[in-house]
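# Survey of secondary and tertiary structure
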Amino acid sequence: MIYADNAATTKMSDGAAKVFVSLLDEAWGNPSSLYAHGQKAKEVLEQARQDVAGVIGASPREITFTSGGSEADNQAIRTGAALGRKKGKMHIVSTAFEHHAVLHTLEALKKEGFSVTLLDVHENGIVDPAEVEAAIREDTCLVTIMYANNEIGTIQPIREIGAICRKKEVLFHVDAVQAVGHIPVNVTDDCIDMLSASAHKFHGPKGVGFLYAKKGIRLTNLIEGGAQERGRRAGTENVPGIGAMAQALKEADAGMAENAARVVRMRDRLIAGLQEIPHCALNGDQERRLPGNVNFCFEGIEGESLLLLLDDKGICASSGSACTSGSLDPSHVLLAIGRIHDVAHGSLRLSLGEDITEEEVDYIIRTVKEVVAYLRSFSPVWRDLMAGKKEFIL
Ligand SMILES: *Cc1c(COP(=O)(O)O)cnc(C)c1O
């Protein structure tokens, strides 16, 4: 099996799995208990906090552990909204191609009286910082923009946007779930006020992540209860998960430059191979994208059929976001970069891991070419296109 769906989730690294298992045995006490066994668990948490903070240029007190990226996104946006409401500022700026954890939270806030501006991400899938600046109003309380898109992998000009938000004194939240552990992220250099990350996207366990919030930002609680996480997130901590997350992030950080260089070579080989297929298009900017992300639209086919046939041939891929699979709506990300419905339906995302080989990439290219040709051979849409009854778009 070739696993090419690392944007959906990654396999835990051996190092992280080892830490996870050893903590089940060595640190199963409650970190809030006062006896030594509980304190041992507490030490694991504090060491992990220090490790995670170090990687993103934060200080440990600015890190709150959560159940993952979705929770961190919800908490950050609710925090920005609550702080804004206190000052009578109820406008939020975001983009049309955010993750649903962001978009659905914004939808909920709209029902509570907030207004939201969703910026265009253009054909290349990149937000223009000048448009962010122009969208900020007197009553803007929060700008929330992702670091890198989970479907098309495009990397946003976060540092420029951060500088604009700092100048305008507007809180800036970044969903960095796809970026952390893959490309350099530094909250200080990037002027980020709040940042979300998730362990299972960088070879840590599922169900654990963290929220960075700059010193002085009072977080709004999503979960009420005990005083864990200095009162910002109640519930007995996921000690093995948090320890394993820190291990995975340290490993990802240490190997980042080398891994990224290799994965970029594999990505570019895959892109070049797939571009030989007639009537296809790469989605998102070719250069400013995550090392492992490849996303194409093929005219005249259905993404779902493509995925099933690839699965038969031992390739795990996705048509976009795992969260929308099973729904018939085309990806909101592909619509946001201007793909029309018909074309957006024929999409394929291949997100490569660090261990992908050249032979595997070549097998993927061969197989996708075969499967696309096969599907087109009995596609009524393709027949109409070939007969000139419909115009090719790609
Ligand atoms: C995966 C993902 C999330 C959600 O993270 P979970 O830990 O699965 O809740 C949020 N944002 C982006 C960009 C993601 O890729």
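Rules and cut-offs
- Residues numbered from 1 in each chain as written.
- Predicted model: local features only at pLDDT ≥ 70, side-chain atom pairs only at ≥ 80, totals over all residues.
- Heavy atoms only, no water.
- Phe/Tyr/Trp six-rings, centres within 6.5 Å; stacked < 30°, edge-to-face > 60°.
- Buried < 20%, exposed > 50% of the residue type's maximum accessible area, 1.4 Å probe, protein only.
- Domains from an automatic or database assignment.
- Contact = heavy atoms within 4.5 Å.
- Buried area = accessible area lost by both parts, 1.4 Å probe.
- Salt bridge = Lys/Arg side-chain N within 4 Å of Asp/Glu carboxyl O.
- Polar contact = N/O pair within 3.5 Å; in protein donor to acceptor, adjacent residues only side chain to side chain.
- Helix = DSSP H or I, 4+ residues; strand = E, 2+ residues; numbered from the N terminus.
- Nonpolar A, V, L, I, M, F, W, Y, C, P; charged D, E, K, R; others polar.
- Disulfide = S-S within 2.5 Å.

### Looking at the packing of aromatic side chains
Scanning the model with the defined rule gives three aromatic pairs in all. When the ring of Phe296 is compared with that of Phe298, the centres are 5.8 Å apart and the planes differ by 10°; the resulting orientation is stacked. For Phe296, a relative accessible area of 0% translates into the label buried. Judged by centre distance (5.1 Å) and plane angle (80°), the ring pair of Tyr374 and Phe378 falls under edge-to-face.

### Comments concerning the domain arrangement of the protein
Once the domains are mapped, the protein shows domain 1 (14–254) and domain 2 (256–386). Centre-to-centre, using C-alpha coordinates, domain 1 lies 29 Å away from domain 2. The interface is formed by 31 residues belonging to domain 1 together with 23 residues belonging to domain 2. Between domain 1 and domain 2, a total of about 2200 Å² is buried, with carbon and sulfur atoms accounting for 57% of that surface. Of all residues in domain 1, His100, Glu151 and Ile152 give up the largest surface area on contact with domain 2, accounting jointly for 32% of the area buried on that side. Counting the contacts that link domain 1 with domain 2 gives zero salt bridges. At the junction of domain 1 and domain 2, the tally comes to 13 residue pairs in polar contact (both at pLDDT 80 or more). Where the side of domain 1 that touches domain 2 is concerned, the elements lending two or more residues are helix 4 (100–111) and helix 7 (239–254). Among the elements that take part in the side of domain 1 that touches domain 2, helix 7 stands out by supplying three residues, more than any other. Partitioning the side of domain 1 that touches domain 2 into residue classes produces 13 nonpolar, 13 polar and five charged.

### Thoughts on the state of the cysteines
All chains considered together, the criterion is met by zero disulfides. You can see Cys141 has no disulfide; the closest cysteine sulfur is in Cys165, sitting 12 Å from it. By relative accessible area, which is 7% here, Cys141 ends up buried. In this model Cys165 remains outside any disulfide bridge; the closest cysteine sulfur is found in Cys191, 9.0 Å from its own. Take Cys165: its relative accessible area is 1%, and that puts it in the buried class.

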